[in-house]
Amino acid sequence: MQSMNLNPINGPNPGQSLARRDYRGVASSQPSSAQQLQTSAANTLLAASGPAPSLPNPMAVPFNANVPSNKSPASVFGGVATAPKLVTRPPTEQKLPYGVPAPTAAGPEPNNNAPRAVQPTMPPTAQRPPLWQPGVAAMPANSIMQSALGNSQGFMPPPLPASQNVPSQQQQLPAPGMFGAQQQQHGNAPLQYQAQNVQQQPLSVAQQGFSRLWGQDTIDLMQNRHILSPATIAPPKVVLHNQFHESINCSGSIIRCTLAKIPESNSLLQKSRLPLGIVIHPFRDVNSLPVIQCVNIVRCRLCRTYINPFVYFVDSKMWKCNLCYRVNELPEDFQFDPATKTYGDVTRRPEVRSSTIEFIAPSEYMLRPPQPAMYLFLFDVSIIAQQSGYLETACSVLNRHLDEMPGDARTQVGFLCYDSFVHFYSMAEGLNQPHEMTLLDIDDPFLPRPDSLLVNLKECKELVRDLLKQLPKRFAHTHDPGSALGAALQVAFKLMQASGGRITVFQSCLPNKGPGALEAREDPNNRSAKDVAHLNPATDFYKRFALECSGYQIAVDLFLMNQQYSDMATISGVSKHSGGCVHHFPLFQKTKQHMVDSFKQCFKRYLTRKIGFEAVMRLRCTRGLQVHTFHGNFFVRSTDLLSLPNVNPDAGYGMQISYEESLTDVKTICFQAALLYTNSEGERRIRVHTICLPVTASLPEVMHSADSEAIIGLLSKMAVDRSTASNLSDARDAFINATIDVFNAFKIAQNLPSGQSGQLIAPRSLALLPLYILALLKHPAFRVGTSTRLDDRVFAMDSMKTLPLDQLMKYIYPELYKIDALVYHVRNSNISLTQDEDYDDDELLPEMQRLQLSAEHLDSRSIFLMDCGTLIMLYVGLNVPTDVLEALLGIRSTAELPDYVYGLPNVVSAESDALKRFMLRLNYDKPYPPLVQIIRQA
Amino acid sequence: MFLPETAVFCITLLTYGAILLLLIYYVLTLADLECDYLNAQECCRRLNFWVIPKFGCQALLCAMLLICGHWVMFLLNLPMAVWLFYELQRQRRDSLGVYDPVDIHSRGLLKVHLRNCMIYLGYYFVMFFVGLYCLISALLKGDPIKRHEDDEIITGF
């Protein structure tokens, strides 16, 4: 234990006593390293029959704290186990009354593979032959990583279902309608704890308990193929020291750090080979957000940190900043608690109770009066655009949701169209209908008139509606192949310059006229080549323009509805550097109903979602750390200040963190993201998120606390940078090297034998890393060998940079569920259709287990649901029972399904209702409900 | 061989002096940016303005030294000219200059730029004295001291 002077966390009694009470058992002072466990603690504990004296009463607490009560921790990799190799384990297993996870649900199963809670209700397994021969396993995680890791000479990994071992695997698969039991275990026990002392059985039992207790169990990836379980998917819990264990940390959906425990020095971080960074979704729609209006917002005088739950109150008049450690004075009125209207207790203030909070900013936070909501729409009306027919859809959606666009009485809108020329629409007062003016000189664009091009929405609503009705007809018969995007942008900039706002561009072909004209660069015959060229912009026009916009608080959002190559790489620069967003609808045709539908949904969400204008975001971190690289759509104005002309609730950002000095003398570090924006009602607001993370000096702890999803989020962003700065194959290599490095580092950290051991021991926290990396390598952004249009690839890369983590994970590795469990659940629980409404959704739905995206999980008797984020696919097997088909889809056999079915048919049945509810639950966090596509087994 | 040796080294020395002053300006501007006294766009605009003149000076200097046959000095100057050329050439097509406001705050680029400036400063500082030495030795080449045939120094009285 170090003594700490600067430490705000540590009260007057640092050291051992504190560590003892540190009751979730993750403090660095606990004897948590594997070594210590092996030797002393484990032995003592095994010998003792009751609670070991060295670890007093709170032993039961960490167990409860770490493991959800309804399932045994052992069940996390659950499923019915086949006979494990470790059957020789002595019965000491049952002598675990002191909090070591003696599974309550499972009984003394030798390898602790308790079935999941739902399983006991299942009927006995029916043997069935493998009806479906797995051809392509989408994720041969083990095999490929194995070869990549190169430690497998002579070892045959248990990889793709090779033809001879498929039957034996599938023998025990349950009948359709069974669920969960497909968790086949190969040979060894699923949880391989500290593999070096497998021989010492009694030890490993206790260790098993402890490592699980501290979230430090490991998995041998070579032995366990089915690792996608709730325990590996759940992000690691941030466990803080005593003083803060009640402070609610910022929600994981808003800020996630790649490591739930921060290594104390750069060298330790380097040893772990993990990236350090955070992914943040700052403007996320949240349900309950405390909003505070106060005269003076309490901030640190030195580093300007907002007061947050993790500061240290020296006394009732002073607080110590947790980022720079300066002691500040508290203003008098901070003693007043607005909720209870009492004086005296500073800890009751909402600022100190909630780590996500919004302040209504006083006038010091404004450089100018808050701007009104300003929306300008730019429509491409060249012949290609007209052929796609997007204008009709866009105008009708716009017309319908005109009133729902965020804004107050000052809201202004404007419309421009452009082909070879730019068309303006003047909606001046006193006009019966909009006037069109056409600008012919696109090389030197100017505004034809100073006013009434942007009009007040409230006052001119009729004219606007009229215009939106006329626009599609106006250009229906155009034959102009030109698209003067650059000129249109320039005049749009001139229009918006005075106030700032949002420019929405609909582009459907390559801009080929006037400033910013581009040439087609893609070679269509070379789409599957190994070397992908032209990932970088062709000109600096759009970047320059975006920077200029950013200076005037204008954001440009791009909807690319292209029919052919449109150089997304170059055009998207206009959004990238101005804080906008990019949407892509390749090959949009108004005749394809599903495209129209998904565009409608997306555009509706775009129009009606919240928006923040003239925003800036600053990320502050504890002294010793600094932000190294930013990822996302914005312009970095100064070292830690992001300029975001617009901020929307669907934008995510990533930051890589580096060390300035080591953190040896602190116990926790904090990140604080503060987003200052003007909301659509013209109110200046500050949204502050604070996250606090413990610091550790132990390498295994660092690795066990890794958050694989956040790591993937950050790695994918870094890989996009690498692909553009260098080339795609470099990025792909970097992915593989990063994975190898991490697992080698873990080997070293755990003192595992090096060389060819036939094992690939992974901490549970990183078990899914190879899987996700493989998914990334097959993602349109990074794949090679498969024909990928350049625009699609560039858009996928953009999405990697800008999607918030939850959506990004679905985009990288879609969720696959077997619907049978749902049907089974509905039929076995007596829920009638009538009582639905009163119940909580979750009570009606069984817990659905995610499946790996491997063909071995597919079978012809079941229906599967794959959730890709913006698309939900239902895969209907050939031999699905008729009653299920009828109940869900209203058809009698799979063959009746047409080739392209979109949308769920309206069937009134309990099963269909459950499916809809399940989809609702899946869509709960999504910006807009995705399209449902039904495909049948060929 | 078009210019007398002393003139060549005079020009060399003046060039070095100018570049040194420019580099000090660079360092100050970058330091301003680091301390947030200057915004990235303004800073990069100022710095990029001088990138071409700097490279031009260096290239012309190299050419002059080559033409005048000062091989050693030419070889000493060549690496810097090549590096500056490379720096100009490696920019991407959408780059707004060697100093790009979009990138300058990420990937530690600001630190890299500052470090580069320091290296340039060191280089030109050393080169300045090399130039000074050359100038002095060129000035001294015509023996200013009057001698007899047998190297006997005439002291004048």
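Criteria and thresholds
- Residues numbered from 1 in each chain as written.
- Chains lettered and ligands numbered in written order.
- Predicted model: local features only at pLDDT ≥ 70, side-chain atom pairs only at ≥ 80, totals over all residues.
- Heavy atoms only, no water.
- Contact = heavy atoms within 4.5 Å.
- Buried area = accessible area lost by both parts, 1.4 Å probe.
- Salt bridge = Lys/Arg side-chain N within 4 Å of Asp/Glu carboxyl O.
- Polar contact = N/O pair within 3.5 Å; in protein donor to acceptor, adjacent residues only side chain to side chain.
- Domains from an automatic or database assignment.
- Pairing = 2+ DSSP bridges.
- Helix = DSSP H or I, 4+ residues; strand = E, 2+ residues; numbered from the N terminus.
- Axes fitted to C-alpha atoms, helices over the stretch in contact; angles between N-to-C directions.
- Core = buried A, V, L, I, M, F, W, Y, C linked by side-chain atoms within 4.5 Å.
- Buried < 20%, exposed > 50% of the residue type's maximum accessible area, 1.4 Å probe, protein only.
- Parallel < 35°, antiparallel > 145°, perpendicular 65-115°, else oblique.
- Left-handed = near helix turned anticlockwise from the far one by under 90°.
- Nonpolar A, V, L, I, M, F, W, Y, C, P; charged D, E, K, R; others polar.

### Topic: the interface of chain B and chain A
Listed by partner, the interface residues are 17 residues for chain B and 23 residues for chain A. Carbon and sulfur atoms make up 53% of the area that chain B and chain A hide from each other, which totals about 1800 Å². Our count for the chain B to chain A interface comes out at two salt bridges. A salt bridge links A:K543 to B:D94; the nearest nitrogen and oxygen atoms lie 3.8 Å apart. Counting every contact that joins chain B to chain A gives six residue pairs in polar contact (both at pLDDT 80 or more).

### Comments concerning the domain arrangement of chain A
Split into domains, chain A comes out as domain 1 (291–353), domain 2 (374–516 + 537–609) and domain 3 (815–830 + 844–936). Here the C-alpha centre of domain 3 of chain A lies 51 Å away from the C-alpha centre of domain 1 of chain A.

### A word on the sheet that holds strand 6 (residues 312–315) of chain A
Consider a sheet: its strands pair through backbone hydrogen bonds, and that pairing is either parallel or antiparallel. All names here are of chain A. One open sheet holds the three strands; their spatial order is 6-7-8, and the pairing between them is antiparallel. Sheet topology places strand 6 and strand 8 (327–329) at the edges, where each strand pairs with a single neighbour. Each neighbouring strand pair of the sheet contributes to a mean axis angle of 35°, computed without reference to strand direction.

### Regarding the sheet that holds strand 24 (residues 653–659) of chain A
Residues and elements named next belong to chain A. With respect to topology, four strands assemble into an open sheet ordered 2-4-24-21, the strand pairing being antiparallel. With one partner strand each, in any of the chains shown, strand 2 (255–257) and strand 21 (625–631) form the two edges of the open sheet. The sheet shows a mean angle of 25° between the axes of neighbouring strands, taken without regard to direction. By the bridge criterion, six bridges tie strand 21 to strand 24 in an arrangement that is antiparallel. Looking at the pairing, Q626 lines up with S658 of strand 24. Each of strand 2, strand 4 (277–280), strand 21 and strand 24 touches helix 19 (residues 708–725); the most contacted strand, strand 4, lies at about 95° to it.

### So, the nonpolar core
In this structure, A:L378, A:M655, A:F671 and A:F782 are the most contacted members of the largest nonpolar core, which totals 142 residues. With nine residues, helix 13 (residues 485–496) of chain A is the largest single contributor of residues to this core. Inspection of this core shows a minimum of three residues originating in each of domain 2 (374–516 + 537–609) and domain 3 (815–830 + 844–936) of chain A. Those residues in contact with A:F782 that lie beyond four places of it in its chain are A:S716, A:A719, A:V720, A:S723, A:L728, A:R732, A:F735, A:L776, A:L777, A:R793, A:M797 and A:M800. One finds B:V8, B:L61, B:A81 and B:V98 within the second-largest nonpolar core, a separate group that totals 47 residues.

### Details of the packing of helix 3 (residues 71–89) of chain B against helix 4 (residues 109–141) of chain B
Packed helices, taken two at a time, are described by the angle their axes make and the gap between the axes. All names here are of chain B. Two elements in contact, helix 3 and helix 4, have axes separated by 11 Å at closest approach and are oriented at 155°. Here helix 4 runs roughly antiparallel to helix 3, going by the angle between their axes. In this structure, the crossing between helix 3 and helix 4 has a hand that is left-handed. Contacts between helix 3 and helix 4 involve M73, L76, N77, M80, W83, L84 and E87 from the former and N116, Y120, Y123, Y124, M127, V130, G131 and C134 from the latter. In terms of residue class, the contact of helix 3 with helix 4 is made up of eleven nonpolar, three polar and one charged.

### Considerations on the pairing of strand 26 (residues 684–696) of chain A
All names here are of chain A. Judged by how many residues are buried, strand 26 sits mostly within the fold: 13 of 13 residues are covered. Where strand 3 (residues 262–263) lies against strand 26, two bridges are found, and the strand directions are parallel. The residue of strand 26 that forms the bridge with P263 is T696. Inspection of the sheet shows strand 11 (residues 356–360) paired to strand 26 by five bridges, in the antiparallel sense. Along strand 26, the bridge assignment pairs I360 with R685. Between strand 25 (residues 668–678) and strand 26, which pair antiparallel and follow one another directly, the connecting turn spans five residues, one of which, G682, has a positive phi of 75°.

### Thoughts on the packing of helix 1 (residues 5–34) of chain B against helix 2 (residues 40–67) of chain B
All names here are of chain B. Where helix 1 contacts helix 2, the axes come no closer than 10 Å and their chain directions differ by 160°. On the basis of their axis angle, the class for helix 1 and helix 2 is roughly antiparallel. Relative to helix 2, helix 1 is oriented so that their crossing is left-handed.

### Some points on the pattern of salt bridges
Residue and element names in this part refer to chain A. All told, the structure shown has 40 salt bridges over all chains when counted by the stated rule. Between E436 and R474 there is a salt bridge, with its nearest N and O atoms 2.7 Å apart. In this pair, E436 sits in strand 15 (residues 435–439) while R474 sits in helix 12 (residues 461–474), placing the two residues 38 residues apart along the sequence. With relative accessibility at 28%, the residue E436 sits in the partly exposed group. With a relative accessible area of 41%, R474 lands in the partly exposed category. A salt bridge links D913 to R917, with the shortest nitrogen-to-oxygen separation between them at 3.2 Å. Taken together, the positions of D913 and R917, both in helix 27 (residues 910–923) and four residues apart, correspond to about one turn of that helix. Take R917: its relative accessible area is 11%, and that puts it in the buried class. In the salt-bridge network here, residues are joined through shared partners; they are D285, R605, R609 and D650.

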